[in-house]
Amino acid sequence: MGNTVAREDFEWVYTDQPHADRRKEILAKHPEIKALMKPDYNLIWVVVLMVLAQLTAFYLVKDLDWKWVIFWAYVFGSCISHSMTLAIHEISHNSAFGNSKAMWNRWFGIFANLPIGLPYSISFKRYHMDHHRYLGGDGIDVDIPTNFEGWFFCTRFRKFIWIVLQPLFYAIRPLCINPKPITRLEIINLLAQLSFDVVIYYLWGVKSIFYMLAGSILGLGLHPISGHFIAEHYMFLKGHETYSYYGPLNLLTFNVGYHNEHHDFPNIPGKSLPLVKKIAAEYYDNLPQYNSWIKVLYDFVMDDTISPYSRMKRQLKGEVKQD
């Protein structure tokens, strides 16, 4: 990618993101891909089963010793919680009920949010659309770390701590970079979540609540699945800002690893992204890719040339429309 200026902080670029142009090119060559732009109704039943699985787990851990509550929170609860955040990611793209039933997706996102313990589904939708429209946009894309994160988390030990604390930074970063007024749906999301948490505490006690919250925090921090946070857009190779992962953890994450494919076609559900890659293989096979998120986490910590600053950033021009 040309027009890149080396700086002491982020990698600033003055070109548009590559995904829109590649989408046009692929659709011109492979118009059959348009047939994949439809809801994935199986997502509804998968999410319902995941919610029921966590409800069962809340009940089963209520009388366990604390060491086993912690053990199961990391081994099982964290996987389900992180997987559910990626189901919410799918729902934010209206993959459950389709674009014609956008509000059904919003309500379903609030339902999917319940076993995570902390309300975020509606807010995530608002900010995630900005991430797609304005990838790397300065002051808009809250997936980009703050200057403090890049400046402070620059040693191996500090980068390790940054990975552990990723849930905290993802929660605080929007308030620092691009705060938005609270909407009615966000208040409903909050009230629904608080009501659910109170009911779980009343029914099964503090261990079930701890299992729920600890699983969510651990699953989004130092966890193999969390490698996708770094794998998606951190520049391990200069000039490349989006990377795909084709390993087995896609089975737990609704194929979020197919990230170039996802940014090229955000209206295609994760279930169908492998088909996109297969149909348009000439566009994806030669792009940089990963086969291990664990190795991504290891390399991020151990490679002294990589840090939270290793992102492409754009100074946006013209009118910016946000959700």
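Each value, and the rule that gives it
- Residues numbered from 1 in each chain as written.
- Predicted model: local features only at pLDDT ≥ 70, side-chain atom pairs only at ≥ 80, totals over all residues.
- Heavy atoms only, no water.
- Axes fitted to C-alpha atoms, helices over the stretch in contact; angles between N-to-C directions.
- Helix = DSSP H or I, 4+ residues; strand = E, 2+ residues; numbered from the N terminus.
- Parallel < 35°, antiparallel > 145°, perpendicular 65-115°, else oblique.
- Contact = heavy atoms within 4.5 Å.
- Nonpolar A, V, L, I, M, F, W, Y, C, P; charged D, E, K, R; others polar.
- Buried < 20%, exposed > 50% of the residue type's maximum accessible area, 1.4 Å probe, protein only.
- Polar contact = N/O pair within 3.5 Å; in protein donor to acceptor, adjacent residues only side chain to side chain.
- Patch = residues over 30% accessible without salt bridge, like charges linked within 9 Å, V, L, I, M, F, W, Y side chains within 5 Å.
- Areas by Shrake-Rupley, 256 points an atom, 1.4 Å probe, with all protein chains shown as cover.
- Salt bridge = Lys/Arg side-chain N within 4 Å of Asp/Glu carboxyl O.
- UniProt positions renumbered as here; feature names shortened; annotations may be inferred.

Student: How do you make sense of the packing of helix α7 (residues 156–164) against helix α15 (residues 293–302) when you look at a structure like this?
Tutor: Relative placement of two packed helices is described by the angle separating their axes and the distance separating the axes. Relative to each other, α7 and α15 sit at 140 degrees, their axes nearing to 8 Å. In terms of their interaxial angle, α7 and α15 are classed as oblique. Across the interface between the two elements, Arg156, Lys159, Phe160, Trp162 and Ile163 from α7 touch Leu297, Phe300, Val301 and Met302 from α15. A breakdown of the residues in the contact of α7 with α15 according to their chemical character gives 7 nonpolar, no polar and 2 charged.

Student: For this particular structure, what's the right way to read the environment of His228?
Tutor: Relative to the assigned elements, His228 resides in helix α11 (residues 227–231). Relative accessible area serves as the criterion here: at 3%, His228 is assigned to the buried category. Placed 69 residues apart in sequence, His228 and Leu297 show a C-alpha to C-alpha distance of 8.9 Å. A distance of 2.6 Å separates polar atoms of two side chains, one belonging to His228 and the other to Glu232.

Student: Help me out: how do you make sense of a nonpolar patch on the surface in this one?
Tutor: Taken together, the side chains of Trp68, Phe71, Trp72, Tyr74, Val75, Phe76 and Leu218 present a nonpolar region at the surface, about 610 Å² in accessible area. For Leu218, the position within the fold is in helix α10 (residues 206–219). Since its relative accessible area comes to 32%, Leu218 is described here as partly exposed.

Student: Sorry, what's going on with the UniProt feature "transmembrane region" (unreviewed entry) in the protein here?
Tutor: Per the UniProt annotation, the sites labelled "transmembrane region" (unreviewed entry) are residues 43–61, 68–87 and 107–124. Secondary structure over residues 68–87 splits into 100% helix and 0% strand, and the C-alpha atoms at its two ends are 27 Å apart. Along residues 107–124 one finds 61% helix and 0% strand; the C-alpha atoms at either end are 13 Å apart.

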